[in-house]
Amino acid sequence: MAGSKASDVLAFWFDELTPAQWFRKDPELDAEVRRRFAEIHAAARRGEFVEWRRSATGRLAEIIVLDQFSRHLHRDGPEAFAADEQALALAREAVAAGDDAALAAREQAFLYMPYMHSESLAVHDEAARLFEQPGLEDSLRAERRHRAILERFGRYPHRNAALGRRSTEEERAFLARPGSSF
C-alpha cells in the first residue's frame, strides 16, 4: 500500500506503547491496532512490503505487523496465528542477512519472537541460541517457558480453542492453572 511506512509501525510499537502493553490482553489496544493498522496488515499478508526488507528496521516492522499485530487484530481467533509461518520465514531471512546485529536488544526480541511462537521444537532450538544474547535475558526466560510447554504437550494448549483443536484432560488441567497462558 502506497505511502505506508515501516517507521510508523515502529514508532507506534516502541514509542507510543509501553512494554507492559506489548503482551497484555487489552480490547482498547486491539481496537487501536485495528483502526490504524488493519490495512497495513492485509497488505503485509499479501507480501506488498518487499521494499521494507531493504533495511533491518523495515524487516523488523514487517515482522511486527505479521506476528504481533495479527494477535491484536484477530484476538482469540484462528487468524491470530495465520501469519506465523510468514513472520518466521522473514525473521529467518533477517537473521541470515545479519540484520539482527543492527538492532537494539528490544528490537531483536521482536525480530526473534516468531521463533518463540512456533510450535516446532526444532525452531525453538534456534530460538534459544538467538535469545542467549546480552540484553535479552527476559526473552530467554520466556523462550524457556514456551519450550517447556511444547516439550510437555507438543503444542500450545492455549491456542486449542481458537484453532478448533480438542484439548486433552492434561491440557485442560494445565489451562485451569493461573498464569498458564501467554
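Residues numbered from 1 in each chain as written. Predicted model: local features only at pLDDT ≥ 70, side-chain atom pairs only at ≥ 80, totals over all residues. Heavy atoms only, no water.

Draft legend 1. Just the packing of helix α3 (residues 27–45) against helix α4 (residues 56–73), in detail. Two elements in contact, α3 and α4, have axes separated by 9 Å at closest approach and are oriented at 130°. Between α3 and α4, the crossing angle belongs to the class labelled oblique. At the point where α3 passes α4, the crossing takes the left-handed sense. Here α3 contributes L29, D30, V33, R34, F37, A38, I40, H41, A44 and R45 to the contact with α4, which in turn contributes E62, V65, L66, F69, S70, H72 and L73. The residue makeup of the contact of α3 with α4, split by class, is 10 nonpolar, three polar and four charged. (Axes fitted to C-alpha atoms, helices over the stretch in contact; angles between N-to-C directions. Helix = DSSP H or I, 4+ residues; strand = E, 2+ residues; numbered from the N terminus. Parallel < 35°, antiparallel > 145°, perpendicular 65-115°, else oblique. Left-handed = near helix turned anticlockwise from the far one by under 90°. Contact = heavy atoms within 4.5 Å. Nonpolar A, V, L, I, M, F, W, Y, C, P; charged D, E, K, R; others polar.)

Draft legend 2. Expanded view of the environment of R46. Residue placement: R46 occurs in the loop between α3 and α4. Among the polar contacts made by the side chain of R46, one reaches the side chain of E48 at a distance of 2.5 Å. (Polar contact = N/O pair within 3.5 Å; in protein donor to acceptor, adjacent residues only side chain to side chain.)

Draft legend 3. Geometry of the nonpolar core. Among the nonpolar cores identified, the biggest contains 46 residues, and W13, I64 and F69 are the most heavily contacted of them. Only α1 (6–16), α3, α4, α5 (84–96), α6 (105–117), α7 (121–131) and α8 (137–153) provide two or more residues apiece to this core. Among the elements that take part in this core, α4 stands out by supplying nine residues, more than any other. Setting aside anything within four residues of it in sequence, one finds I64 in contact with V9, L10, W13, F14, F69 and F110. If you look at the next biggest cluster of nonpolar residues, it comprises five residues, including I149, L150, Y156 and F174. (Core = buried A, V, L, I, M, F, W, Y, C linked by side-chain atoms within 4.5 Å. Buried < 20%, exposed > 50% of the residue type's maximum accessible area, 1.4 Å probe, protein only.)

Draft legend 4. Representation of the packing of aromatic side chains. Summed over the entire model, instances satisfying the criterion amount to 14 aromatic pairs. With a centroid separation of 6.4 Å and 80° between ring planes, the pair formed by W22 and F23 is classed as edge-to-face. Judged by relative accessible area, W22 falls into the buried class, the value being 10%. Here the aromatic rings of F49 and W52 are separated by 4.1 Å at their centres, their planes lie at 15°, and the arrangement is stacked. For F49, a relative accessible area of 0% translates into the label buried. An aromatic cluster of at least three residues, connected via ring pairs, comprises F12, W13, F14, W22, F23, F37, F69 and F110. (Phe/Tyr/Trp six-rings, centres within 6.5 Å; stacked < 30°, edge-to-face > 60°.)

Draft legend 5. Representation of the pattern of salt bridges. Within this structure, the stated rule accounts for 21 salt bridges. Here E151 and R147 are joined by a salt bridge, their closest N and O atoms 2.9 Å apart. Pair noted here: E151 and R147 are both in helix α8, with a separation of four residues, about one helical turn. Residue R147 is classed as partly exposed on the basis of its relative accessible area, which comes to 22%. Look at the salt bridges and you will find they share partners, linking E16, E32, R35 and R36 into a network. (Salt bridge = Lys/Arg side-chain N within 4 Å of Asp/Glu carboxyl O.)

So, to be careful, I would describe these as geometric facts and stop short of saying anything about function.
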